[in-house]
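Here is how the chains run, residue by residue.
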Amino acid sequence: VLKKYDCCLQAWGPLAEGQKDIFENPILIEDVRKIVANAAAINRPISVANVEGCAANGCDKDLADYFAIGKQKVKVADDFEKIMNGKVYQLMVGCGKEEYEALLKDVDGARITAWWPRAADITPAKGNKGVGVEKVLEYYHLKKENAIAFGDGSNDIEMLQAVGIGVAMGNATEDVKAAADVICGDVTEEGIYYYCIEHGLI
């Protein structure tokens, strides 16, 4: 979310006055419905995200723990069905890799990305953080070579590849480190801050 600028890329909340969307890429409604049904078939509650925030049709330990990583709580919504039939940009579900195939059964327009072994994010098949970065750079007329990104999870790889310098955190997974140009300190050691200090960025 680019709240301090004059635009917003898939905002997780209503746009402030003067802001506008510069790119929108919701998951097809029929795919959202199918994913929700697939999750129910394997007894997994699921949370959907739109511009207003997140709403779930239930909660289990994996989903609750996943949200807790970001110091958030799962919000179970009475009007979940109405929300899931609107514009949904992402779905979050507690699961393991062995459940991925069941979750995406008969779904063509979405994919699973994961950075934590007990949960997954389901996003548009042709959407990722790299696409988001490209749209922001295009909007501000910035060159890829003048952009830098930091990441530590597998869902950050496309983002690191979309900029001039892709920096993997010290705690990043091995596939992220392999895709990065350089590696900085661990997130628990303020790796981004010290990288920026060392390179005169702040």
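Just so we're clear, the structure is a prediction, and the values are computed from it rather than from any experiment.

Draft legend 1. Quick peek at the pairing of strand 5 (residues 90-94). With respect to burial, strand 5 is a largely interior element, five of its five residues being buried. A two-sided burial pattern is seen for strand 5, the buried positions comprising Gln90, Met92 and Gly94 on one face and Leu91 and Val93 on the other. Two strands pair when backbone bridges link them, and strand 5 and strand 7 (residues 119-124) are joined in this way by four bridges, in the antiparallel orientation. Pairing of Met92 across the sheet is with Asp121, part of strand 7.

Draft legend 2. Representation of the environment of Arg33 within the structure. Here Arg33 shows up in helix 1 (residues 29-41). Residues in contact with Arg33, not counting those within four places in the same chain, are Met84 and Asn85.

Draft legend 3. Just helix 2 (residues 61-69), in detail. Those residues of helix 2 that sit buried are Asp62, Leu63, Tyr66 and Phe67. Axial view of helix 2: buried residues confined to an arc of 130°, hence all on one face. Against strand 3 (46-50), strand 4 (53-56), strand 5 and strand 7 lie the buried residues of helix 2. A positive backbone phi angle near 55° is found at Lys71, which sits one or two residues after helix 2.

Draft legend 4. Geometry of the pattern of salt bridges. Tallied over the full model, the rule gives eleven salt bridges. Taking the shortest distance from any N to any O, the salt bridge between Glu158 and Arg111 comes out at 3.2 Å. Here the residue Glu158 occupies a position in helix 6 (residues 157-161), and Arg111 occupies one in strand 6 (residues 110-113), the gap between them amounting to 47 residues. Residue class for Glu158 comes out partly exposed when judged on its relative accessible area of 23%. A network of salt bridges, in which partner residues are shared, links Arg44, Asp60, Lys61, Asp62, Asp65, Glu99 and Arg118.

Draft legend 5. Looking closely at the nonpolar core. Core analysis: the biggest nonpolar cluster contains 23 residues, and Val32, Ile35, Val36, Ile46, Phe80, Leu91 and Ile122 have the highest contact counts within it. A total of four residues in this core trace back to one element, the largest contributor, which is helix 1. Apart from the residues within four sequence positions on either side, Ile46 is in contact with Ile35, Val36, Ala39, Ala55, Ala56, Asn57, Leu63, Phe80, Leu91, Met92 and Val93. Counting 13 residues, the second largest nonpolar core, distinct from the first, contains Val133, Leu137, Met159 and Ala168.

Draft legend 6. Here's a closer look at unusual backbone geometry. In the Ramachandran plot, Asn43 falls in the positive-phi region, its phi being about 60° despite a non-glycine side chain. In this structure, Asn43 sits in the loop between helix 1 and strand 3. Positive phi, close to 55°, is recorded for Glu190, a residue that is not glycine. With respect to the secondary-structure elements, Glu190 resides in the loop between strand 10 (182-183) and helix 8 (191-198).

Here is what the cut-offs are and how they apply
Residues numbered from 1 in each chain as written. Predicted model: local features only at pLDDT ≥ 70, side-chain atom pairs only at ≥ 80, totals over all residues. Heavy atoms only, no water. Buried < 20%, exposed > 50% of the residue type's maximum accessible area, 1.4 Å probe, protein only. Helix = DSSP H or I, 4+ residues; strand = E, 2+ residues; numbered from the N terminus. Pairing = 2+ DSSP bridges. Contact = heavy atoms within 4.5 Å. Arc of directions from axis to C-beta. Salt bridge = Lys/Arg side-chain N within 4 Å of Asp/Glu carboxyl O. Core = buried A, V, L, I, M, F, W, Y, C linked by side-chain atoms within 4.5 Å.

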